[in-house]
Amino acid sequence: GQQLNQSPQSMFIQEGEDVSMNCTSSSIFNTWLWYKQDPGEGPVLLIALYKAGELTSNGRLTAQFGITRKDSFLNISASIPSDVGIYFCAGMEYGNKLVFGAGTILRVKS
Amino acid sequence: NAGVTQTPKFRVLKTGQSMTLLCAQDMNHEYMYWYRQDPGMGLRLIHYSVGEGTTAKGEVPDGYNVSRLKKQNFLLGLESAAPSQTSVYFCASSLTGGLAQPQHFGDGTRLSIL
């Protein structure tokens, strides 16, 4: 099946720093989603992107839908300890099926 | 509003045993999904349902069966559990299958097959 390439696999950053992660695909998606998963919980939707080129913010989070529709990135500004978790990108296929990246593990050093 | 509720939260099985995982949603969503999550990998779709009485195969359906007898419930069955099915299982639901309808996830069921 399709796979999304998500990078980096993990990050260990200083509190207050900005964070960037991205996701690429060999296939086109019409919707890109970014989820966060905390330990012991299910993924929670952070941002949904519906148009190529779209730039959307949610508080300190900003995500963009690439022009080619084959990539997306997520930025977190001024990271704080509660940003710790696993961030997943997902592309939405026909029928509302999601294809997930392998995740970026974010660890924040306070 | 409970959202998506999965039971049980944890289970240990012996190889060859059978069990059913239950997913319930109270949001009147049409679409429901079962995923598995393995270390170092994203979630992979096992089966999904686009409405009551319907089911369809996802990316990794082998060894699993599902049923959607009621709109609010989606059951995942393992007829003869194998160690390769040790994983964390997530259920999700969405209002419809439209592009603007994101999926909402439960907190997962951690299943170990010995």
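Heads up: the structure comes first, above all this text.
Rules used in this analysis
Residue numbers run consecutively from 1 along every chain, following the written order of its sequence. In the order they appear in the text, chains get letters beginning with A and ligands get numbers beginning with 1. Selection of residues for local features in this predicted model requires a pLDDT of at least 70, selection of side-chain atom pairs for listing and counting requires 80 or more, and totals for whole chains, interfaces and linings are taken over all residues. The basis for the side-chain values is all heavy atoms of the structure; hydrogens and waters are excluded. By convention in this document, the label disulfide applies to cysteine sulfur atom pairs within 2.5 Å. Starting at the N terminus, helices and strands are each numbered in turn, a helix being any DSSP run of H or I of at least four residues and a strand any DSSP run of E of at least two. Relative accessibility under 20% of the residue-type maximum defines a buried residue, over 50% an exposed one, and the middle range a partly exposed one, all with a 1.4 Å probe and only protein chains included. Here, a salt bridge means any side-chain nitrogen of Lys or Arg that lies within 4 Å of a carboxyl oxygen of Asp or Glu. Stacked, edge-to-face and tilted are the three classes for Phe, Tyr and Trp ring pairs, Trp counted by its six-membered ring, which pair at centre distances within 6.5 Å; planes under 30 degrees apart are stacked, over 60 edge-to-face, the rest tilted. DSSP bridges decide pairing: two strands pair if at least two such bridges lie between them. Note on method: axes are straight lines fitted to C-alpha atoms, helices fitted across the in-contact stretch only, with angles between N-to-C directions ranging 0 to 180 degrees.

(A) Local environment of the state of the cysteines. Applying the stated rule across the entire model yields 2 disulfides over all chains. At a sulfur-sulfur separation of 1.8 Å, the disulfide partner of C23(A) is C89(A). Of this pair, C23(A) sits in strand β3 (residues 19–25) while C89(A) is found in strand β9 (residues 85–92), placing the two residues 66 residues apart along the sequence. Here C23(B) engages in a disulfide with C91(B); their sulfurs sit 1.9 Å apart. What sets the handedness of the C23(B) and C91(B) disulfide is the S-S torsion sign, and at about -75° it is left-handed. Highlighted residues: C23(B) in strand β3 (residues 19–25) and C91(B) in strand β9 (residues 87–94), separated in sequence by 68 residues. For the residue pair C23(B) and C91(B), the accessibility class agrees, reading buried in each case.

(B) How the structure looks around the pattern of salt bridges. All names here are of chain A. Scanning the entire structure with this criterion turns up 5 salt bridges over all chains. One salt bridge connects D83 with R60, and the closest N-O pair in it is separated by 2.8 Å. Of this pair, D83 sits in the loop between β8 (71–76) and β9 while R60 is found in the loop between β6 (55–58) and β7 (61–65), placing the two residues 23 residues apart along the sequence. By relative accessible area, which is 28% here, R60 ends up partly exposed.

(C) Just the packing of aromatic side chains, in detail. For the structure on display, the rule yields 11 aromatic pairs over all chains. Plain terms: the ring middles of F100(A) and Y35(B) are 5.6 Å apart, the flat faces sit at 90° to each other, and that makes the pair edge-to-face. You can see F100(A) sitting in strand β10 (residues 98–100) and its partner Y35(B) sitting in strand β4 (residues 31–37), one on each of two chains. Summarising the burial analysis for this pair, F100(A) and Y35(B) share the class buried. Ring centres of Y33(B) and Y48(B) lie 6.5 Å apart, and the angle between their planes is 20°; this geometry places the pair in the stacked category. Within this pair, whereas Y33(B) is found in strand β4, its partner Y48(B) is found in strand β5 (residues 43–49), the two being separated by 15 residues in sequence. On the basis of relative accessibility, which here comes to 12%, the residue Y48(B) falls in the buried class. Through successive ring pairs, a cluster of aromatic residues spans Y35(A), F88(A), F100(A), Y31(B), Y33(B), Y35(B), Y48(B) and F105(B).

(D) Quick peek at unusual backbone geometry. Omega for the bond connecting S7(A) with P8(A) falls within 30 degrees of zero, at -5°, which places this linkage in the cis form. Looking at where P8(A) falls in the secondary structure, it is placed in the loop between β1 (4–7) and β2 (10–14). Even without being glycine, A78(A) reaches a positive phi, approximately 50°. As for its position among the elements, A78(A) is in the loop between β8 and β9. Here N28(B), not a glycine, exhibits a phi torsion of approximately 60°, which is positive. Structurally, N28(B) can be placed in the loop between β3 and β4.

(E) Expanded view of the sheet that holds strand β8 (residues 73–78) of chain B. Residues and elements named next belong to chain B. In space, the 4 strands of this open sheet follow the order β1-β3-β8-β7, with antiparallel pairing throughout. The open sheet has two edge strands with one neighbour each: β1 (4–7) and β7 (65–67). For this sheet the average axis-to-axis angle between neighbouring strands, irrespective of direction, equals 20°. In the sheet, β1 pairs with β3 via 4 bridges, with the strands oriented antiparallel. Within β3, the residue paired with T5 across the bridge is A24.

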